[in-house]
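Observations on chain architecture
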Amino acid sequence: QGQDLSDQADAMRLRFTAVYENFQKPDPEYSILDVDEARFDADFAAFRSDVRDMEMEMGSMMIACLDDAKSIFTTFKVVETFDGFVQRSLIQREWLKKQQGVLRAYHDDLLAVQELFYQFQDAPTMYKNMPPTASQLVWGRSLLERASQPEAHMKTLNRAVLTSELGVETRKFAESLTVMLKNYISGAHSQWADQVGQNTVEKLKLNLLRRDEETSS
C-alpha cells in the first residue's frame, strides 16, 4: 500500500503543477489588472475548486495511512509526512476525528509498557554478547523510549482532546511511568557502579594459572 500511496502523491503533484501553470498562463492570455476582465473570476474559481478537490484527496490519503498505521510511532510519522497540509481545514477536520483514537492508543501502549516492566523488571531480556547489567540498561531504556517518545507529539493534539478526562489521565500516567523507568535505569547503573570496584579487587586475587589435578603440573 505504501507504493500505491506514493504513486498517488506523485500523480497529484503533477496534477497540481499543471493546474497551477494553466492558472498562471491562461489561454488566451489577458491582464489580471484589468478590472473589467471577467475571465479571471471564472479561472480563479476553477483553480480553487481543483485545489479543494486535491485537498479532499490528500485528506483521504492521510486517513488511509493512519488506518494502516500499526503503532503510535507510525501514526505520528504519518502526521509528520503530511506536515504543512494538516493545517488545511479539510485535512485538519479528518485529523481531528482521529485524535481521540490516537490518544486511546497511546494510553493502551503505556499500559502495555507498565505491564512489561512489572513482569520482567527482576529478570529482563538478556542480549547475546552483552553483560547482564548492560542488557538490563538497554531493556529499561527501550521501555523508556517507547513510553516517552510519543509524548512530544501528543502535545500537538487539539486542546479539547488533551484536556479531556482521558487526556489528563494519560498525561499523568506518562509522567509517572517515565519517572519510574528512569529510577529503574539509574538504580541499575548505581548498583553496578557500587559492585564493580569490589568485583575487580576480588578478581585480582584469583590465580591466573591453576595446577592440573591429574598431572600435578
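Residues numbered from 1 in each chain as written. Predicted model: local features only at pLDDT ≥ 70, side-chain atom pairs only at ≥ 80, totals over all residues. Heavy atoms only, no water.

Some details on the nonpolar core
The line we're drawing: For our purposes a nonpolar core is just a set of buried Ala, Val, Leu, Ile, Met, Phe, Trp, Tyr and Cys residues, chained together by side-chain atoms within 4.5 Å. Only protein chains enter the accessibility calculation, which uses a 1.4 Å probe. A residue is then buried if its area is under 20% of the maximum for its type, exposed if over 50%, and partly exposed in between. Here a helix means four or more residues in a row that DSSP labels H or I, a strand means two or more in a row labelled E, and each is numbered from the N terminus. Any two residues whose heavy atoms approach within 4.5 Å are treated as being in contact.
In this structure, Met-62, Phe-82, Trp-95 and Leu-181 are the most contacted members of the largest nonpolar core, which totals 39 residues. Residue assignment for this core shows that the elements contributing at least two residues are helix 1 (2-24), helix 2 (39-68), helix 3 (72-81), helix 4 (89-120), helix 5 (132-148) and helix 8 (165-204). Not counting the four nearest positions on each side in its chain, Met-62 is found in contact with Val-78, Val-79, Phe-82, Val-86, Ile-91 and Trp-95.

Points about the packing of helix 2 against helix 3
Threshold: Working convention: axes come from line fits to C-alpha atoms, limited for helices to the stretch in contact. Angles between N-to-C directions cover 0 to 180 degrees. Roughly parallel means an angle under 35 degrees; roughly antiparallel means over 145; roughly perpendicular covers 65 to 115; every other angle is labelled oblique. Left-handed describes a crossing in which the near helix is turned anticlockwise from the far one by less than a right angle; the clockwise case is right-handed. Residues are grouped as follows: Ala, Val, Leu, Ile, Met, Phe, Trp, Tyr, Cys and Pro are nonpolar; Asp, Glu, Lys and Arg are charged; all remaining types, including Gly, are polar.
The geometry of helix 2 relative to helix 3 is characterised by a closest axis approach of 8 Å and an angle of 165° between their N-to-C directions. Viewed along their axes, helix 2 and helix 3 adopt a mutual orientation that is roughly antiparallel. As for the relative orientation of helix 2 and helix 3, their crossing is right-handed in sense. Facing helix 2, whose interface residues are Met-62, Cys-65 and Leu-66, helix 3 presents Thr-75, Val-78 and Val-79. Here the residues of the contact of helix 2 with helix 3 sort into five nonpolar, one polar and no charged.

Things to note about the packing of helix 3 against helix 4
Where helix 3 meets helix 4, the closest approach of the two axes is 10 Å, and the angle between their N-to-C directions is 150°. Comparing the axis directions of helix 3 and helix 4 gives the class roughly antiparallel. For the pair helix 3 and helix 4, the crossing hand works out as left-handed. Two secondary-structure elements touch here, helix 3 through Ile-72, Thr-75, Phe-76 and Val-79 and helix 4 through Trp-95, Val-102, Tyr-106 and Asp-109.

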